[in-house]
Amino acid sequence: MHSLTAAKLQRILARAAIAPGNRDRFLSAGLVIPQPATGQFPLAADWPTAFARLPILTQETVRTNPGLFLAGVEHCAYRGVTSGSQGNHLIYFADTLWNQTRLTQLAAFLQGWGIDDRVAIVNVASRLFPLRPQDTTLLGAIAPPLLETLLMQLSYPPVAIRGYPSRLCEVAARLLGKPIPPVVAVICTGESLFEFQKQLLEQVFAAPVVNEYGCQESGISGFTCPEAGRLHLDDTRCVYEVIDGQLVTTDLWNVVMPMVRYQCGDMVQLDAHPCDCGRPQPTAKILGRQVDGIYTPQGRQLPGALMLPAFEGILHYQVMQEDAHHLTLRVYPDAHDRPLSFDAMATWVTATFGEVAVQVLLEQSPDPVPASVLTVCNPDVWIHGITQGNWTEWLQSGPLPAGELQVVAQLLQAIVTPIVISYDKNSMVVQQYLQAVLTLPIQTSPMIERIIIRTLFFASSCLAQQPGAIAIYQQARERLYQLFEKTSDCSHPAILDAFIATLALPWDDVPTRWQALLQRGLGQTSAIPDTFTLQHLIHAFEPAVQRANAVKISPLVPSCTPVLAVLLGDLATLGQQVNLAWVAHWFEVLSGRSPMADPCVLGQDAFCDRWLQWRQHLIRQPQTCDQAWQQFSQMARSPQQQARVLLEQGYHHLLAAQPLPPAIWLPQLESALQAQLISPVSVAPLWRSLAQTLIEQQQHPLAYDCLLASVVPSSASARFEQLAHPENRKQAVLLNLDG
Amino acid sequence: MPWLTSWKHRCFLLLAVLLSGVGLAPRAQSAPLVEASPRVAQSCPDGLKRRPFARVVTQADPLSIRSQPNGRVIGTVPKGWAVVPVQTDASKQWVKINSHFDRYDGGFASAPNFRIGWVAARYLKRLGNFCDKPENPMGLLHWHRFSQYSASLQANWLQMGDRWAVLRSSR
Ligand SMILES: [Zn+2]
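Residues numbered from 1 in each chain as written. Chains lettered and ligands numbered in written order. Predicted model: local features only at pLDDT ≥ 70, side-chain atom pairs only at ≥ 80, totals over all residues. Heavy atoms only, no water.

J.: What is the right way to read the overall build of chain A from this model?
T.: The helix and strand tally for chain A stands at 27 helices and 21 strands. Seen through its C-alpha atoms, chain A measures out along the principal axes to roughly 85 × 80 × 45 Å. Across the 739 residues in chain A, those meeting the buried criterion constitute 59%. Contacts in chain A between residues at least 24 apart in sequence constitute 66% of all its contacts with a sequence separation of at least 6. When the accessible area of chain A is evaluated, it comes to approximately 28,700 Å², of which 53% is carbon and sulfur surface. Side chains of chain A give 46 positive and 60 negative charges; the mean places of these two sets differ by 5 Å. (Helix = DSSP H or I, 4+ residues; strand = E, 2+ residues; numbered from the N terminus. Buried < 20%, exposed > 50% of the residue type's maximum accessible area, 1.4 Å probe, protein only. Contact = heavy atoms within 4.5 Å. Areas by Shrake-Rupley, 256 points an atom, 1.4 Å probe, with all protein chains shown as cover. Lys, Arg positive; Asp, Glu negative; His and termini not counted. Charge placed at Lys NZ, Arg CZ, Asp CG, Glu CD.)

In structure tokens form, the structure reads like this:
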């Protein structure tokens, strides 16, 4: 073993010994020596020998009680989910450095295929989250809207495609014969890649097909090389062994959940000779999982060991083995109306599976889907719906308004329910509608003009990371001034949108922007927020917090994080009590400075006012806020208010760097949550702190539960789950139904 | 292996599409990739044997400990405590419990009235066999609820705004 690797391994083993799930194993192998005096388990002097006889850890064992394998929660920054059938997945955690190392190695492999930072990777119709900031994920049914969007994305090169080979083949079959813009590479991952799939993808996308292997929780991954096409394993992030054909790995980086001699379930076949391409990494063939064995005359074989060739006239196919004597072939013929010969396929079936009864299912190419008919409604009805009603309902079934507002509604739709998941909410579709909205003339109806203005403010928040965001904001503000001169209506929530939109835009100009709005008299607003305002806040918080995380000057960072959870939790308690003073406060929470001189505007609710005053004290002088605390906590009457006081007490503890005793806090939080007195999101910072204390108290499984509950909400992952859930799953093309 | 000529093609296509719609699709979709039910296989540290543990699951009050099945009350054990059931009476209604120390030597801060004795079986929930008191009784109880919170967060981004917009007052 290389000395550097040995040092890393030693460090990770010492760390893993903290996790109770590893202890018996480590003790039995003599890897650690118990120290009854200190209660610690330091590594034995001859740890390398002991490591070699350490019993294997299976994924099933970890899945049964993952918390036992948690070694610590410091720097925990990554939450991963292994793929697996329903209920069979494992949620694991890792640290920042682990994730950085993973991305660095990934970049190195991608470079080998000419995929550098300038090339965007579009994940297509597969449950794959964008890897890098410039990447996107296109999800949903494999139907015209998805295919058209894909072609549009490909028309902005350079682009690479990534996905499960089964799903990519479905997409390719639908695109066959259409002109397709150039693609840098097609990356297949998540399933075994078979020869016929490779040929179809190469043919349709006219690009090299790359095979990517990854078992993230074990630290192993790999890519085929362009020269010889062999799968090179990345052996820098883990120590790997092959025991009885099974891949066994020890991750060298993950200090949150170190997996030691871990067997993820994949069978591999290591190549004996180095690859001709000259890369030093070992190469291997991934055979698949033991349970996926296929009957053949030579005995059970793993899918990766079988060759599935391409056949004339057949785009792709699936083999389902009912038992050793019955096969079903699901065949997707190409569109040519000519006789289909199964001779070659029959020969292959007999040679591969022996004398078996075969049933062939020919899949008809899908009928062209008729263009969806737009349902149109009266603009008043639509405006009422999105301001007083419910966005979820509108987006699920709702009609679009007739006239000028149609494109406004389409812009909102494209921003909040995209079919392209990206980190910055921007897409060609959004830009297309945005340009149309920006050129709409000033409307005579104040109601219609107002919703255009609000939508522009909303868009400037959501696209705040884009260079054009400020121009959108400025146009919205100009239109608002003109409208205000006409109507002098200070009670409309559109005015709040103007202030909210400053949260996510670059911060240097925020005081000036507020001053400008206040000079116009818009600070006198008595507006009561409506659905649009609250949706705007939720969508503005996300990019605003990204900004705060980048500059790290928020008074809540790093002791009371995730900050987004605090802000969303405030909103969950305030609802329609949100006013200008709260918006100013949130800016201060993020940036450490107030956007206006005297932000103590009184609202309509005495409790919320006292709460706000307490909060301002808390973030300005967390050490000396006793008086504000007294005044605030004594105001609490209702159970909801008392629960809010409890939360604030928790935040105060965090800011004062006092740990929360779990024995006291867990039951209290639990009962408040059970009675639905507080929103689960607001508890995330407390869960994080509790997880740390629980580890110190040797309560690893409960610490893991806390980590699970402390997940940061994100609009992208919510949309991802919504779209990926019904479609886009893995599909084995060689499947043993007999088990 | 069927042999197809062009004139048969259409009929077969229809049949095949029918088959895929009716006969096979459900089977294929629910095809189980059966995996052995997971188990934690861990040996006990030296000196400890695996013993059954059960949790007190009363609604609110502590559970009464009696001198014999349905006998006089000699002590109590708080809700949520993990105990070791050592004996069940013939009626299966009463269970004799012990602490995880195998003896009672007084002074459980969180269960000052604990005694070895009999409790009503319906207020005990079996947890399984463990080497030692399950480290975290709360963890086992809370697992589902915790993960449910995180799941609901992921699912309801837009619904958050819809829901909060109808909150008129915190009162
Ligand atoms: Zn190579």
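J.: Can you walk me through the coordination of the zinc ion in this structure?
T.: Put simply, the ideal angle at a metal is 109.5 degrees for four donors in tetrahedral geometry and 90 or 180 degrees for six donors in octahedral geometry. Residues and elements named next belong to chain A. The protein atoms that coordinate the zinc ion are Cys225 (SG), His232 (NE2), Cys275 (SG) and Cys277 (SG), at distances spanning 2.1 to 2.3 Å. Taken together, the 4 donor atoms surrounding the zinc ion define angles of 102 to 118° at the centre, an arrangement classified as tetrahedral. Read in sequence order, the donor residues coordinating the zinc ion give the pattern C-x6-H-x42-C-x1-C. Of the two residues, His232 is situated in strand β10 (residues 231-233) and Cys277 in the loop between β13 (262-270) and β14 (283-289); the sequence distance between them amounts to 45 residues. (Donors = N, O, S within 2.8 Å, 3.2 Å for Na, K, Ca; no water. Tetrahedral: all angles 85-135°; square planar, octahedral: opposite > 155°, others 65-115°.)

J.: What exactly am I supposed to notice about empty space enclosed by the protein here?
T.: Which parts of space are left empty comes out when a probe the size of a water molecule is rolled across the atoms. Residues and elements named next belong to chain A. Counted by the stated rule, this structure contains 2 cavities of 30 Å³ or more. Empty space within the largest cavity amounts to approximately 60 Å³. Around the largest cavity sit Arg450, Leu480, Leu483, Phe484, Thr487, Asp489, His492, Ala494 and Ile495, which together line it. Elements that contribute at least two residues to the lining of the largest cavity include exactly α15 (469-487) and α16 (494-500). Of the residues assigned to the lining of the largest cavity, the class counts are 5 nonpolar, 2 polar and 2 charged. Roughly 50 Å³ of internal volume is contained in the second largest cavity. Lining the second largest cavity we find Leu556, Cys560, Val566, Leu567, Asp570, His585, Val589, Arg615, Leu618 and Tyr651. (1 Å grid on protein atoms, 1.4 Å probe; cavity = no way out; pocket = protein on both sides within 12 Å on 5 of 7 lines; lining within 4 Å. Points joined across faces, edges and corners; volume = space filled by probe spheres on them. Nonpolar A, V, L, I, M, F, W, Y, C, P; charged D, E, K, R; others polar.)

J.: How should I be thinking about the packing of aromatic side chains in this particular structure?
T.: Between two aromatic rings, the relevant description is the distance of the centres plus the angle of the planes. Residue and element names in this part refer to chain A. This structure, assessed with the given rule, holds 25 aromatic pairs over all chains. Centre to centre, the rings of Phe109 and Phe223 are 5.4 Å apart; their planes meet at 25°, and the pair counts as stacked. Of this pair, Phe109 sits in helix α5 (residues 96-112) while Phe223 sits in strand β9 (residues 220-224); the two residues are 114 residues apart in sequence, bridging distant segments of the chain. A ring pair is formed by Trp391 and Phe532, whose centres lie 5.6 Å apart and whose planes are at 70°; its orientation type is edge-to-face. Residue Trp391 is found in helix α11 (residues 391-397), and its partner Phe532 is found in helix α18 (residues 531-551); the two are separated by 141 residues along the sequence. You can call Trp391 buried: its relative accessible area is 0%. One aromatic cluster in this structure is built from Phe196, Phe311, Tyr317, Trp348 and Phe353. The positively charged end of Arg261 is found above the aromatic ring belonging to Phe51, 5.8 Å away from the centroid. One cation-aromatic arrangement involves Arg300 over Tyr295; the distance from NZ or CZ to the ring centre is 5.0 Å. (Phe/Tyr/Trp six-rings, centres within 6.5 Å; stacked < 30°, edge-to-face > 60°. Lys NZ or Arg CZ within 6 Å of the ring centre and 35° of its normal.)

J.: What exactly am I supposed to notice about the environment of Gly385 of chain A here?
T.: Inspection of the secondary structure assignment puts Gly385 of chain A in helix α10 (residues 379-388). Along the primary structure Gly385 of chain A and Gly398 of chain A are separated by 13 residues, whereas in three dimensions their C-alpha atoms are 9.1 Å apart.

J.: Help me understand the pairing of strand β4 (residues 120-124) of chain A in this model?
T.: Successive residues of a regular strand alternate their side chains across the two faces of the sheet. Residues and elements named next belong to chain A. Burial analysis of β4 places 4 of its 5 residues in the buried class, which makes it a mostly covered element. Examined bridge by bridge, β4 and strand β6 (residues 159-163) share 4 bridges and lie parallel to one another. The residue bridging Val122 from the neighbouring strand is Ile161, located in β6. Two elements, β4 and strand β5 (residues 136-138), share 3 bridges in a ladder whose sense is parallel. (Pairing = 2+ DSSP bridges.)

J.: What is the right way to read the environment of Asp334 of chain A from this model?
T.: All names here are of chain A. Note that Asp334 resides in the loop between β16 (326-333) and α9 (343-353). For Asp334 and Thr249, which are 85 residues apart along the polypeptide, the C-alpha to C-alpha distance reads 43 Å. When near neighbours in sequence (up to four residues on either side) are disregarded, Asp334 contacts Leu176, Gly313, Ile314 and Leu315.

J.: What is the right way to look at the sheet that holds strand β21 (residues 734-736) of chain A in this model?
T.: The strands making up a sheet associate through hydrogen bonds between their backbones, and the pairing can be parallel or antiparallel. Residue and element names in this part refer to chain A. An order of β17-β16-β15-β21 is seen for the 4 strands of this open sheet, with the pairing classed as mixed. Whereas interior strands pair on both sides, the edge strands pair on one side only; in this sheet they are β17 (357-362) and β21. Ignoring which end each strand starts from, the neighbouring axes of this sheet average 20° apart. Strand direction decides the pairing type here: β16 and β17, joined by 6 bridges, are parallel. The residue of β17 that forms the bridge with Arg330 is Leu361. Running at roughly 35° to strand β15 (residues 314-323), α9 makes contact with β15, β16, β17 and β21 of the sheet. (Axes fitted to C-alpha atoms, helices over the stretch in contact; angles between N-to-C directions.)

J.: Could you clarify how one ought to interpret the domain arrangement of chain A in this entry?
T.: How big an interface is tends to be reported as the loss of accessible area on association of its parts. Residues and elements named next belong to chain A. The domains assigned to chain A are domain 1 (93-304), domain 2 (311-366) and domain 3 (373-528 + 596-604). Computed from C-alpha atoms alone, the centre-to-centre distance between domain 1 and domain 3 is 41 Å. Contacts between domain 1 and domain 3 engage 15 residues on the former and 8 residues on the latter. Roughly 970 Å² is buried in total at the junction of domain 1 and domain 3, and carbon and sulfur atoms are behind 74% of that figure. The tally of links from domain 1 across to domain 3 stands at 0 salt bridges. Viewed at the interface, domain 3 and domain 1 are joined by 2 residue pairs in polar contact (both at pLDDT 80 or more). Counting residues per element, the ones that place at least two in the side of domain 1 that touches domain 3 are β5 and α6 (144-154). The greatest single-element share of the side of domain 1 that touches domain 3, amounting to 5 residues, is contributed by α6. Looking at side-chain class alone, the side of domain 1 that touches domain 3 contains 9 nonpolar, 4 polar and 2 charged residues. (Domains from an automatic or database assignment. Buried area = accessible area lost by both parts, 1.4 Å probe. Salt bridge = Lys/Arg side-chain N within 4 Å of Asp/Glu carboxyl O. Polar contact = N/O pair within 3.5 Å; in protein donor to acceptor, adjacent residues only side chain to side chain.)

J.: Sorry, what's going on with the packing of α15 of chain A against helix α17 (residues 510-519) of chain A here?
T.: Residue and element names in this part refer to chain A. Close contact between α15 and α17 brings their axes to 12 Å; oriented N to C, the two are set at 10°. When the interaxial angle is binned, α15 and α17 end up roughly parallel. The segment α15 lies against α17, with Ile470, Tyr473, Arg477 and Tyr481 engaging Arg513, Ala516 and Leu517. Split by residue class, the contact of α15 with α17 holds 5 nonpolar, no polar and 2 charged. (Parallel < 35°, antiparallel > 145°, perpendicular 65-115°, else oblique.)

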